[in-house]
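These are the residues of each chain, in order.
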Amino acid sequence: MNWLDIAAIDDIPLRGARVIKTPLGCVALFRTAMAEVFAVSDRCPHKGGPLSEGIVHGQRVTCPLHNWVFDLNTGQAQGADEGQIATYPVRVEGGRVLLDTVALGKKSAA
Amino acid sequence: MKQKLVVIGAGMASGRVLEHLTDDAPEAFDITLFNAEPRGNYNRLMLSPVLSGEKTYQDIITHDDAWYAARGVTCRFGESVVSIDRKNKQVIGQNGAVAYDKLVIATGSAPFIIPVPGKDLPGVVTYRDLDDTDAMVAAAAGGGSAVVIGGGLLGLEAAAGLAMRGMKVTVLHLMGHLMERQLDEAAGYLLRRDLEGRGITIKTQAATKAILGEDRVEAVLLESGETLAADLVVMAVGIRPETRVATDAALEVARGVEVNAQMQTSDPDVYAVGECVELDGLLFGLVAPLYEQARVVANGLLGKPDVFVAKELATKLKVTGCDLFSAGDFAEGEGREDIVFRDPSRGIYKRLVIEGDRLIGAVMYGNTADGNWFFGLIKDGTEIDEMRDTLIFGPAFQGGDSLDPLSAVAALPPEAEICGCNGVCKGKIVEAIAGGATDLGAVRAQTKASGSCGTCTGLVEQLLQVTLGDDFQMPTAQPICGCTDLTHEDVRRLIKSQELKSQAAVWQELGWTTPNGCHVCRPALNFYLLADWPLEYLDDPQSRFVNERKHANIQKDGTFSVMPRMWGGMTTPDELRAIADAADKYKVPTVHVTGGQRIDLLGVKGEDLPAIWADLNRAGMVSGHAYSKGLRTVKTCVGTDHCRFATQDSTGLGIKLEKHLWGSWTPHKVKLGVSGCPRNCAEATCKDIGVVCVDSGYQIGVAGAAGMDLKETERLTEAKSEDEAIALITAFMQLYRENAKYLDRPYKWVAKVGLDWVKERVVDDLESRAALVDRFEISQSIYRKDPWAEHVQNRAQIYAPLADLTLEAAE
Ligand code: SRM
Ligand SMILES: Cc1cc2nc3c(=O)[nH]c(=O)nc-3n(C[C@H](O)[C@H](O)[C@H](O)COP(=O)(O)OP(=O)(O)OC[C@H]3O[C@@H](n4cnc5c(N)ncnc54)[C@H](O)[C@@H]3O)c2cc1C
Ligand code: SF4
Ligand code: FES
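As the structure is a computational prediction, the values presented were derived from the model and not from experiment.

(A) Seen up close, the overall build of chain B. Each helix and strand counted, chain B has 26 helices and 39 strands in total. Seen through its C-alpha atoms, chain B measures out along the principal axes to roughly 115 × 75 × 55 Å. When burial is assessed residue by residue, chain B has 55% of its 811 residues classed as buried. Sequence-distant contacts in chain B: of pairs separated by 6 or more residues, those separated by 24 or more amount to 62%. A total accessible area of about 33900 Å² is found for chain B, and carbon and sulfur atoms account for 50% of it.

Here it is, written out as structure tokens:
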């Protein structure tokens, strides 16, 4: 693992998301009402909707295009829909959000 | 020979160290104890009861002179340690040096002072020790106003204490809800309600800009420009470990003095304990872990092996009457589930967070009796699978409380208004039911409740059920979503009659079963709240669908469309040039002339939005709100300026209407048309609101449709003048905003309440019309502005990616 300091947690709106570009495509950093942070793929497996633009409720997000709902912990689609988004390791330390660049497909920067 | 032990700081942590040490091995050490405060250890936690007057300093002393004397501790109170000379193993106090074999640093924390102008003025205090408490008590003796900066544990205890001493207290809190580190929004809402109930004013999302005053504090200035008079300012925004002596002595210090699990610093002869330490990146701000640390230090000094392990913590607030409890970890984790229980009638909220088959967090408000039991489950990692379904009811369950969907209605006070049309309150309806009106028809006949627009029917039925129990058969109504059993109409009425002004208030008072709603109810609640309380409620962009949050329509490939307003369908060569330039500059793939008489730029990249808006703003154009549940377009024909048949200035009226109504949010989108004559080239007769000009004035039609349904407008009335037409249309808009269900277009809403009901309020009753117009104008004082310009100014950065990891590092 290679933890990289990405941003302050306050850069992500409460119950919102911000996007980071990675070699694996766009990854969405979600922040819930309880100030937890999740990193998942920004691409909905249905028709590619940008999940970072969805409404965040509890630890879930609803895709803005056709309302599929995903659990941010597991990446699993909820209810009748079938599909899964990739989830990535993320840590919050002293108000900073850290991501594992190895898991995001980036060669170690050192 | 006795070893020499020096302790820096006589606080909660070192007090415990000395107790263990002198109990276990009274003869082991020659002890010298320094303390910057001119006194020994007292129970710092109990400063709040001293502040509020419930206790005195004498009551909270834990170690008095006799205790130190009996244990042979040399006290140097009122003397700060200036430095540590590790080479010669000496501690240098203000009055001279002392040699040590072993040293314990227990300097606690220092309050954090926000660096605003005026922070050093007399009358600005922190809340850490007895002197601070005495200063507050002295200030409160003169009455007056206090401003407490910080709505965390300390700030609220200070606020409550000052209020009990008769000061007028305002709490400023930077975040969205109180104690956000320990509580979720729902519990934060209840806490706020209780504190407000005792006369304390709470301002959230309030940032302090400066503290004002000549010789002493006089007022606090907020970033919003508001000033609050203040005779006393308490800064309680947080603490930071007091590490100065450790840093100067070149010990390893991060945020706190770094220690290992034996509580040794980077120098094995020097221990550190309490709030001044950092272990594995963790800081400690509550006493429970400090007591464990104290034991480890004492054992270490006596050569007994022991290690400190950080454990889960529980928080309570020591404000009499505010019963809250929070424990465990709400941050990070895999595969979690929430269990929520709310009892609006008793002001109770409980939420459990479960991961796998363990309880990992609990927040509760109002009834915290089971707090310690839950805390035990969390600490012990007990498997809870067996009792999952009844867990929330606590250990005493087995047939205890049950979730009652009707409790929100049962909890209403008798004077709560149920039927807005006829002004009928709950008490009157319950009286009628008790008097023998046992069905809806009878209640309607006797009280008129639900007899007009009918949107309160659901509530009246619930009252029948609450009052009659099983004797009344409830018809099944469609609830908003899975988070509640209430319908849209019920919720709208209850928001008004109970004056619920935040989403957290709705969730709690109406018994939502989820912690913070879902994508179905949140946008609806956000609209209802901003429509009913435009000045009090702060619009929540995170409760909006992406289009309304980003002020652009999302496309199937994740790009956006940009559509500026063309007032009344009019444009100019300059505007067209600016649109063409923008299309070139941002490589817009599609430019389309819409059905709403304006131009749509489709396929714009999300990160380009602020820039393209800024360009269009510079050319004098604003957002067209093509994405909103709000005013869309006002379509017009060319009218008297050119057309040989036109009877009135349809273009001019259309522009006036659009400029008057734009920016307002509505239950669903609203489109208008104004045609200059009955040939109706602007298709006004199939709009939500349409005006057809005739010789004698303006025929106003409402409730048309030409989307999924096709329906001709119905005649609201005829107006004699433009001003009258504008007032009528404004009043209609406002009535729709105040009453319709979210996502009902006007034609659906009018079908439910009846056109006659609408006419009574908008056309016939002039006073009601004027009041509707006034309320619309109040709302527009907030919302009639260009969101594009605002986002370009204040929110542009959120449109850009947070980071780009595809770029190779520069080195
Ligand atoms: C751009 C436009 C088509 C065009 O290129 O001409 C358009 C585009 C969309 N319409 Fe429309 N409608 C457009 C005029 C209309 C009209 C005709 C009109 O306004 O004169 C109608 C029929 C009248 C009406 O409003 O009902 C119309 C009835 C709908 C409906 C059905 C609404 C209904 O209650 O029946 C929807 C779906 C909805 O709103 O839920 C819809 C939804 C949409 C959405 C927002 C679909 C979506 O959710 O993404 C499309 C967004 C495209 C974009 O990215 O900009 N659009 N849409 C027109 C923009 C008008 C404007 O200048 O603002
Ligand atoms: C008003 C209030 C209410 C609280 N309520 C709770 C609660 O309900 N529950 C809870 O768990 N915790 C509560 N706390 C927190 C709790 O009091 C602290 O966690 C605890 O006191 C920390 O103990 P400590 O020994 O590390 O530091 P302290 O108790 O602060 O002791 C440190 C001492 O070191 C002295 N000192 C500092 N530098 C020097 C120096 N260079 N030379 C000599 N002396 C020095 C200081 O003057 C101070 O007396 C509360 C705190 C306050 C202020
Ligand atoms: S008619 Fe259908 S496809 Fe065409 S813009 Fe409107 S919603 Fe989209
Ligand atoms: S693309 Fe996400 S639900 Fe269709």
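(B) Structural view of the site of ligand 1. Residue and element names in this part refer to chain B. With respect to spatial proximity, 20 residues lie near ligand 1, and among them Gln555, His592, Thr594, Lys669 and Lys671 are the closest. Take Ser561: an N or O atom from its side chain is 3.0 Å from an oxygen atom of ligand 1. One of the side-chain nitrogen or oxygen atoms of Lys671 is found 2.7 Å away from an oxygen atom of ligand 1. Here the shell around ligand 1 is built from residues that sort into four nonpolar, ten polar and six charged.

(C) Representation of the environment of B:Glu383 in the model. Inspection of the secondary structure assignment puts B:Glu383 in the loop between helix 10 (371–380) and helix 11 (407–410). Between the alpha carbons of B:Glu383 and B:Gly624 there is a distance of 56 Å; along the sequence they are 241 residues apart.

(D) Fine view of a nonpolar patch on the surface. On the surface, B:Leu535, B:Ile778 and B:Ile782 cluster together into a nonpolar patch covering about 250 Å² of accessible area. Checked against the element boundaries, B:Ile782 lands in helix 25 (residues 766–783).

(E) Focus on empty space enclosed by the protein. If you walk through the whole model with that rule in mind, you get four cavities of 30 Å³ or more. A:Ala33, A:Met34, B:Arg351, B:Pro515 and B:Asn516 are the residues nearest the centre of the largest cavity, which is lined by 14 residues in total. Breaking the lining of the largest cavity down by element, the ones donating at least two residues are helix 7 (185–197) and strand 24 (348–355) of chain B.

(F) Structural detail: the domain arrangement of chain B. You can read the domains of chain B as domain 1 (3–109 + 241–301), domain 2 (113–237), domain 3 (405–476), domain 4 (488–544), domain 5 (547–623) and domain 6 (634–785). Between the C-alpha centres of domain 1 of chain B and domain 3 of chain B there is a distance of 65 Å.

(G) Layout of the site of ligand 2. Residue and element names in this part refer to chain B. Ala13, Arg128, Glu275, Val287 and Lys318 are the nearest of the 29 residues found near ligand 2. In the environment of ligand 2, an oxygen atom lies 2.8 Å from a nitrogen or oxygen atom belonging to the side chain of Glu37. For ligand 2, whose free accessible area comes to 1000 Å², the fraction covered by protein is 91%. Looking at the shell around ligand 2, the elements with two or more residues in it are helix 1 (12–24), helix 6 (153–164) and helix 9 (287–301). Residue composition of the shell around ligand 2, grouped by class: 13 nonpolar, eight polar and eight charged. Three or more residues apiece are contributed to the shell around ligand 2 by two domains, here domain 1 (3–109 + 241–301) and domain 2 (113–237).

(H) Molecular detail of the interface of chain A and chain B. Residue-level contacts link 43 residues of chain A with 45 residues of chain B. Across the chain A/chain B interface, buried area totals approximately 3600 Å², and carbon plus sulfur atoms make up 55% of it. Counting every contact that joins chain A to chain B gives five salt bridges. Notably, a salt bridge pairs B:Glu185 with A:Arg15, separated by 2.8 Å at the nearest N-O pair. Remark: the boundary between chain A and chain B carries 14 residue pairs in polar contact (both at pLDDT 80 or more). Going through the elements one at a time, strand 1 (3–8), strand 2 (16–22), strand 5 (55–57) and strand 9 (90–93) of chain A are the ones with two or more residues in the side of chain A that touches chain B. Examining the composition of the side of chain A that touches chain B, we find that six residues originate from one element, strand 2 of chain A, more than from any other. Here the side of chain A that touches chain B is built from residues that sort into 23 nonpolar, ten polar and ten charged. Pairing geometry for strand 2 of chain A and strand 39 (residues 803–804) of chain B, over two bridges, is parallel.

(I) Structural detail: the packing of helix 22 (residues 722–739) of chain B against helix 24 (residues 755–764) of chain B. All names here are of chain B. Where helix 22 contacts helix 24, the axes come no closer than 9 Å and their chain directions differ by 130°. One element, helix 22, and the other, helix 24, form an angle in the oblique class. Between helix 22 and helix 24 lies a crossing whose hand is right-handed. Together, Leu728, Ala731, Phe732, Leu735 and Asn739 of helix 22 and Trp757, Val758, Arg761, Val762 and Val763 of helix 24 make up the contact between the two elements.

(J) Spotlight on the side chain of B:Arg351. Residue placement: B:Arg351 occurs in strand 24. There is a polar contact of 2.7 Å between the side chain of B:Arg351 and the side chain of B:Asp338.

(K) Local environment of the confidence of the model for chain B. All names here are of chain B. This prediction gives chain B a mean pLDDT of 91; 97% of its residues lie at or above 70. Segment residues 398–402 is flagged for pLDDT under 50; beyond a separation of four residues in sequence, or across chains, it makes four contacts in the model. Prediction confidence for the complex, expressed as pTM and ipTM, is 0.74 and 0.69 respectively.

(L) Quick look at the layout of surface pockets. When its volume is computed, the second largest pocket comes out at roughly 580 Å³. As for the second largest pocket, its lining consists of 29 residues, of which A:Val19, A:Asp42, A:Ser52, A:Glu53 and B:Lys550 are closest to the centre. At the level of elements, strand 2 of chain A together with helix 18 (546–550) of chain B are the ones that each hand at least two residues to the lining of the second largest pocket. Broken down by element, the residue count for the lining of the second largest pocket peaks at five residues, all from strand 2 of chain A. The class makeup of the residues in the lining of the second largest pocket is ten nonpolar, nine polar and ten charged.

Here is what the cut-offs are and how they apply
- Residues numbered from 1 in each chain as written.
- Chains lettered and ligands numbered in written order.
- Predicted model: local features only at pLDDT ≥ 70, side-chain atom pairs only at ≥ 80, totals over all residues.
- Heavy atoms only, no water.
- Helix = DSSP H or I, 4+ residues; strand = E, 2+ residues; numbered from the N terminus.
- Buried < 20%, exposed > 50% of the residue type's maximum accessible area, 1.4 Å probe, protein only.
- Contact = heavy atoms within 4.5 Å.
- Areas by Shrake-Rupley, 256 points an atom, 1.4 Å probe, with all protein chains shown as cover.
- Near = heavy atom within 4 Å.
- Polar contact = N/O pair within 3.5 Å; in protein donor to acceptor, adjacent residues only side chain to side chain.
- Nonpolar A, V, L, I, M, F, W, Y, C, P; charged D, E, K, R; others polar.
- Patch = residues over 30% accessible without salt bridge, like charges linked within 9 Å, V, L, I, M, F, W, Y side chains within 5 Å.
- Salt bridge = Lys/Arg side-chain N within 4 Å of Asp/Glu carboxyl O.
- 1 Å grid on protein atoms, 1.4 Å probe; cavity = no way out; pocket = protein on both sides within 12 Å on 5 of 7 lines; lining within 4 Å.
- Points joined across faces, edges and corners; volume = space filled by probe spheres on them.
- Domains from an automatic or database assignment.
- Buried area = accessible area lost by both parts, 1.4 Å probe.
- Pairing = 2+ DSSP bridges.
- Axes fitted to C-alpha atoms, helices over the stretch in contact; angles between N-to-C directions.
- Parallel < 35°, antiparallel > 145°, perpendicular 65-115°, else oblique.
- Left-handed = near helix turned anticlockwise from the far one by under 90°.
- pLDDT = per-residue confidence, 0-100.

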